[in-house]
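# A closer look at the structure
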Amino acid sequence: MEEAGNKKRKAWILGFTAFVLLFVVIPVTVMTGFFTFILTKGLMQTGHPEFGIKLMYGLISIFTVVFGINVIFNELYFEDDISYLLPLPLKPEELVLSRFFAVFIGENMMQFAVVIAVVTGFGIAHPMNVFQWIISLVAGFLLPVIPMAVIAIVGMLLMTFTRFIKKKETVRRISYAIIILILAAGAMMLLSIDISEIVIFIIEGTASNILFVKILDIIFPQTGLIADFMATGSVWPVLVFAAICLLSLVLLSGCARLFYMESVTRLNETTHVQKNASSSQSVVFRSAGMSLFVKEMRVLVRTPAFLTNCVAANFVWPAFVLIFAKILRADLGRPAVSAYFAEQPHKTAAMAVILAITMVTAAMNCLGSDSFSREGKGFDYIKFIPVSYKLQWNVKTAAAMVWTLAGTVPFFAFFVIYAGFDVLSAILVMVMVIASGFFVTELGMLLDSLNPKLFWLDALSALRENYNTVFCMGITIVACGLLAGALFLPVPVMVTCGIETFILCIADVVLYLISMRTGVRNLMQIGE
Amino acid sequence: MIEALNLSKSFNSGAAVAADNISFTCADGEIVGFIGPNGAGKTTTIKMLTGIIRPDSGKVVINGFDMAEKPLDCKRIIGYISDNPDMFVKLTGYEFINFMADVYGVPENVRAERIDYFAEQFGMEKSVFSQRMTGYSHGMRQKTMIIATLVHDPKVWILDEPMVGLDPQSAFNLKRMMREHADKGNTVLFSTHVLEIAEKVCDRIMIIDTGKLIYTGTMDALKNGEEGGDLEKIFLKMTAEA
């Protein structure tokens, strides 16, 4: 019976993997390639087909930097295994380069599919010879080398010559500050963009005068070099790119030899426990369920990786919506907004967007799909405390829903009132938001109960390498596509919305019953 | 009382047998030591006793409650100390202890007294409990886990290598508490690699190797049965023969 259970679980996992590959990864890759194709075709008419590639590679490089800071610092300085490696007879450059390449490959796994799509889209629009195809793919694969090497070198210098970065927490705070700065700078630049001016710049070949592009050229020169090679076939840019890559690795190796050992051995990770600190806490009595809930919330908020990726992630989307509205120079005054959304097509689009944001945010925040994985090696407590699995499951659902709904309900409630929705429509929209958020959260938990990732060295890797989140996102995208698409049927949108909300509520009940039976059974089987 | 009846457990579709038809009883008033080489099946057996994993076959009965039929009743009676104290390190000591006390329904005034008592026994200043466990040493986490486990005064103690990381005074006090707990008519089962501890503290010992229980009985009977009476040599001989 155990063997049958394990086989069934493996079959589910294989099935989900195939589903995500077929319905998410491949379509997204194809769409990215198609977008690049269209962009390149358009830019070819301006005589500058490489501009699109340059921008896309620039964006990819920005993401590499934003997400790479924490990862590289962690890998070089704060991973648990470092204290075991330091006493070994290893050269510092061997240690640093091996860890650097481990991070490089890990990061590349995520973005290389996008790079392939971009190269393919460009190559079909702007024919390249075989040599260009091969070199473009290799260059795309090596795209993260320079930014990551720069991060590692700067990091080593900071760790060696400054005193303030001695703890993981400090690195996290600095990286989050940098992320916020980059996002704020990006938002400000986007807000100042006039799209018609950009088109003129591109046509005239003076696109490098655009502030955003200027900054990209300085920080990420490799993007321009690769783009030039792909557009012209000239071998010099790619040779320069290869030389810069090699140089950055040589510099990294040199820095490692000179500075790494000194910086890593000066770390002070064991926090000093204040012996005479005041005892500001004492005993507090709660019910088992409430105590579990409070514990769940504390761990979410106090673990930086969970705080940013699971909690704060719910509150990022309003900024993007506002920026988008500003770029389009939309009139955000109430009369204009009410008049705009009084029209059926606009109302339909708004509801589709509301549904999409709710479902995608709920999938992206991993609160459901990581709920058991987050326990890590402490998972056993779920099994030995005298609290029923059902209650523990419901507590986790409640904790996940608090943040999911906090990031959606207030904003959408404000929107439906501001946009002048009638009472019935407003209530229907809010019920749809709650029902869809619950659906995705419960689905994520069910997936995580099948095969939680319990062995991780730090909280970030619990989230990043957890395929349950990918599966959940895949199913969510398909469901969201169907539901949002159905809103555009030639039927009054509130009728469709009502039917969909009803279906979602039924689906929630069914999913909940499955969770209470199959999900709980999955929990009991974990570790067996 | 702990009753393990014909417990068997294997992993990897039967390729790895962790427990092979294990049966034993830990009576009220006893301290029973559970000894065995690495990978012998101690932790698997303990996990079956505490409900963390289910046996492939066999039964666990704790003070008359069948773990398969009444798991919550069993778990309420047990105080389980894991071999991994790195749980909930984002919580302060107080938050962790209160959490465990809430789960087991310990009244406020009672838990306050017990926290004071255990803190004194383990030489911990209560101000330390206001800080997050990320800053604790391994030993401090172990002590905090012990306090959190025992705060609800469980009848049955199941301890998986509880002495690891404890300073000599704390280890001595824990052994004394184990003796006092058993003398009140309760049950203590603990696993250890340190034979001297088992020798000093236990009323009976069980030796497990490759999933099989190869000895269960008193220390004296074990030593009398062999020449020289050196526990270490006896243990090494028995586990080599198994």
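Residues numbered from 1 in each chain as written. Chains lettered and ligands numbered in written order. Predicted model: local features only at pLDDT ≥ 70, side-chain atom pairs only at ≥ 80, totals over all residues.

### Let's talk about the overall build of chain A
Stated formally: By the criteria applied, helices consist of DSSP H or I runs no shorter than four residues and strands consist of E runs no shorter than two, each listed in order from the N terminus. Whether a residue is buried, exposed or partly exposed is read from the other C-beta atoms within 10 Å of its own C-beta, which are placed from the backbone; 20 or more gives buried, 12 or fewer gives exposed, and intermediate counts give partly exposed. Here, residues touch in the contact sense if the C-beta positions derived from the backbone fall within 7 Å of one another.
For chain A, the helix and strand inventory stands at 23 helices and 0 strands. A total of 528 residues make up chain A; the buried ones form 36% of that total. For chain A, long-range pairs separated by at least 24 residues make up 84% of all intrachain contacts whose partners lie at least 6 apart in sequence.

### With respect to the overall build of chain B
For clarity, the cut-off: This radius of gyration counts C-alpha atoms alone. The globule rule is 2.2 Å times how many residues there are, raised to the power 0.38.
Helix and strand counts for chain B come out as 9 helices and 10 strands. For chain B, the C-alpha radius of gyration of 18 Å lies close to 18 Å, the compact-globule estimate for 242 residues. Dimensions of chain B along its principal axes, counting C-alpha atoms only, are 50 × 40 × 35 Å. Residues classed as buried in chain B amount to 48% of the 242 residues present. In chain B, the share of contacts with a sequence separation of at least 24, taken over all contacts with a separation of at least 6, comes to 72%.

### Regarding the nonpolar core
All names here are of chain B. What counts here: Each nonpolar core comprises buried Ala, Val, Leu, Ile, Met, Phe, Trp, Tyr and Cys residues, the members being joined through C-beta atoms within 7 Å.
Core analysis: the biggest nonpolar cluster contains 90 residues, and Ile 97, Met 100, Val 151, Ile 158 and Ile 205 have the highest contact counts within it. The element contributing the most residues to this core is helix α3 (residues 93-103), with 7 residues. Those residues in contact with Met 100 that sit more than four places away from it in its chain are Ala 148, Thr 149 and Val 151.

### Side note on the pairing of strand β4 (residues 57-62) of chain B
All names here are of chain B. Here is the rule: In this analysis, strands are considered paired if DSSP registers two or more bridges between them.
Relative to β4, strand β1 (residues 2-11) runs antiparallel, the two being bridged by 5 bridges. When the sheet's bridge partners are listed, Glu 3 is paired in β4 with Val 61. Between β4 and strand β5 (residues 65-66), which pair antiparallel and follow one another directly, the connecting turn spans 2 residues, one of which, Asn 63, has a positive phi of 50 degrees.

### Quick notes on the packing of helix α10 (residues 221-232) of chain A against helix α11 (residues 235-265) of chain A
Residue and element names in this part refer to chain A. Counted only if it meets this: What counts as an axis is a line fitted to C-alpha atoms, over the stretch in contact for a helix, and the angles between N-to-C directions run from 0 to 180 degrees. The scheme is simple: roughly parallel for angles under 35 degrees, roughly antiparallel for over 145, roughly perpendicular for 65 to 115, oblique for anything else. When the near helix sits turned anticlockwise from the far one by under a right angle, the crossing is termed left-handed; a clockwise turn instead gives a right-handed crossing. Under the scheme applied, nonpolar residues are Ala, Val, Leu, Ile, Met, Phe, Trp, Tyr, Cys and Pro; charged residues are Asp, Glu, Lys and Arg; polar residues are all the others, including Gly.
Two numbers describe how α10 lies on α11: the axes approach to 8 Å, and their chain directions differ by 150 degrees. Accordingly, the angle class assigned to the pair α10 and α11 is roughly antiparallel. Along this stretch, α10 crosses α11, giving a crossing that reads as left-handed. Contact residues: α10 offers Gln 222, Leu 225, Ile 226, Asp 228 and Phe 229, while α11 offers Pro 237, Val 238, Val 240, Phe 241 and Ile 244. For the contact of α10 with α11, a count of residues per class yields 8 nonpolar, 1 polar and 1 charged.

### Some thoughts on the sheet that holds β4 of chain B
Residues and elements named next belong to chain B. Pairing in this open sheet of 4 strands is antiparallel, and the strands run β2-β1-β4-β5 from one edge to the other. This sheet does not close on itself; its edge strands, each paired only once, are β2 (16-26) and β5. Along the sheet, helix α1 (residues 42-49) makes contact with β1, β2 and β4, crossing β1 at roughly 120 degrees.

### Details of the domain arrangement of chain A
Residue and element names in this part refer to chain A. Defined as follows: Reported domain spans reflect what an automatic or database domain assignment gives.
As assigned here, chain A comprises domain 1 (15-265) and domain 2 (288-525). In this structure, domain 1 and domain 2 have C-alpha centres spaced 31 Å apart. Each side of the interface is counted separately: domain 1 has 16 residues, and domain 2 has 14 residues. Broken down by secondary-structure element, the contributors of at least two residues to the side of domain 1 that touches domain 2 are α1 (2-44), α2 (50-78) and α7 (168-191). Each residue belonging to the side of domain 1 that touches domain 2 can be placed in one class, and the counts come to 10 nonpolar, 2 polar and 4 charged.

### Quick notes on the interface of chain B and chain A
Facing 38 residues of chain B, the contacting portion of chain A comprises 38 residues. Tallying contributions element by element places α3 of chain B first for the side of chain B that touches chain A, with 6 residues. The residue inventory of the side of chain B that touches chain A, partitioned by class, reads 14 nonpolar, 12 polar and 12 charged.

### A short note on the confidence of the model for chain B
The line we're drawing: pLDDT measures how confident the predictor is about each residue, on a scale from 0 to 100.
Confidence in the prediction for chain B averages 91 pLDDT; 98% of positions are at 70 or higher. We note a pTM of 0.80 for the whole complex and an ipTM of 0.87 for its interfaces.

### Considerations on the packing of helix α12 (residues 288-302) of chain A against α3 of chain B
One way to put it is that α12 of chain A packs onto α3 of chain B with a least axis distance of 8 Å and a crossing angle of 150 degrees. The orientation of α12 of chain A with respect to α3 of chain B, classified from their angle, is roughly antiparallel. For the pair α12 of chain A and α3 of chain B, the sense of crossing is left-handed. Facing Ala 288, Ser 291, Lys 295 and Arg 298 of chain A of α12 of chain A, the residues of α3 of chain B in contact are Glu 95, Phe 99, Asp 102 and Val 103 of chain B. Among the residues making up the contact of α12 of chain A with α3 of chain B, the classes are represented as 3 nonpolar, 1 polar and 4 charged.

### Here we look at the sheet that holds strand β8 (residues 187-191) of chain B
Residues and elements named next belong to chain B. Strand order in the open sheet made by the 6 strands is β6-β7-β8-β3-β9-β10, with mixed pairing throughout. On the outer flanks of this sheet lie β6 (78-81) and β10 (212-217), each paired with one strand and no other. Pairs of neighbouring strands in the sheet enclose a mean axial angle of 15 degrees, with direction left out of account. Relative to strand β7 (residues 156-160), β6 runs parallel, the two being bridged by 4 bridges. Considered in β7, the bridge of Tyr 80 is made with Ile 158.

### Considerations on unusual backbone geometry
Residues and elements named next belong to chain B. Unlike most non-glycine residues, Asp 153 shows phi in positive territory, near 50 degrees. On the secondary structure map, Asp 153 appears in the loop between α5 (138-150) and β7. Using a count of 13 C-beta atoms within 10 Å as the deciding quantity, one classes Asp 153 as partly exposed.

### Examining α3 of chain B
Counting buried residues in α3 of chain B gives 11 out of 11 residues, a clear majority hidden from the surface. Of the positions making up α3 of chain B, those classed as buried are Gly 93, Tyr 94, Glu 95, Phe 96, Ile 97, Asn 98, Phe 99, Met 100, Ala 101, Asp 102 and Val 103 of chain B. Close packing links the buried residues of α3 of chain B with α12 of chain A together with α4 (108-121) and α5 of chain B.

### Some thoughts on the pairing of β2 of chain B
One face of the sheet, then the other: side chains in a regular strand alternate in exactly this way. Residues and elements named next belong to chain B. Sheet topology note: the β1/β2 ladder contains 7 bridges and is antiparallel. Each bridged residue has a counterpart across the sheet, and for Phe 11 the counterpart in β2 is Ala 16. The hairpin formed by β1 and β2 contains 4 residues between the paired strands, and Asn 12 there has a positive phi angle of roughly 55 degrees.

### Here's the deal with the environment of Pro 55 of chain B
Residues and elements named next belong to chain B. Looking at the secondary structure, you find Pro 55 in the loop between α1 and β4. On the neighbour-count criterion, Pro 55 (25 C-beta atoms within 10 Å) is buried. Spatially, the C-alpha atom of Pro 55 lies 5.8 Å from that of Ser 8, the residues being 47 residues apart in sequence. Pro 55 has contacts with Leu 7, Ser 8, Lys 9 and Met 48, leaving out every residue within four places of it along the chain.

### Points about the environment of Pro 386 of chain A
Inspection of the secondary structure assignment puts Pro 386 of chain A in the loop between α17 (381-384) and α18 (389-406). Owing to 18 C-beta atoms within 10 Å, Pro 386 of chain A belongs among the partly exposed residues under this scheme. A C-alpha to C-alpha distance of 9.2 Å links Pro 386 of chain A and Ala 288 of chain A, two positions 98 residues apart in sequence. Dropping the residues within four chain positions of it, Pro 386 of chain A is found in contact with Leu 72, Lys 75, Arg 76, Val 103 and Tyr 104 of chain B.

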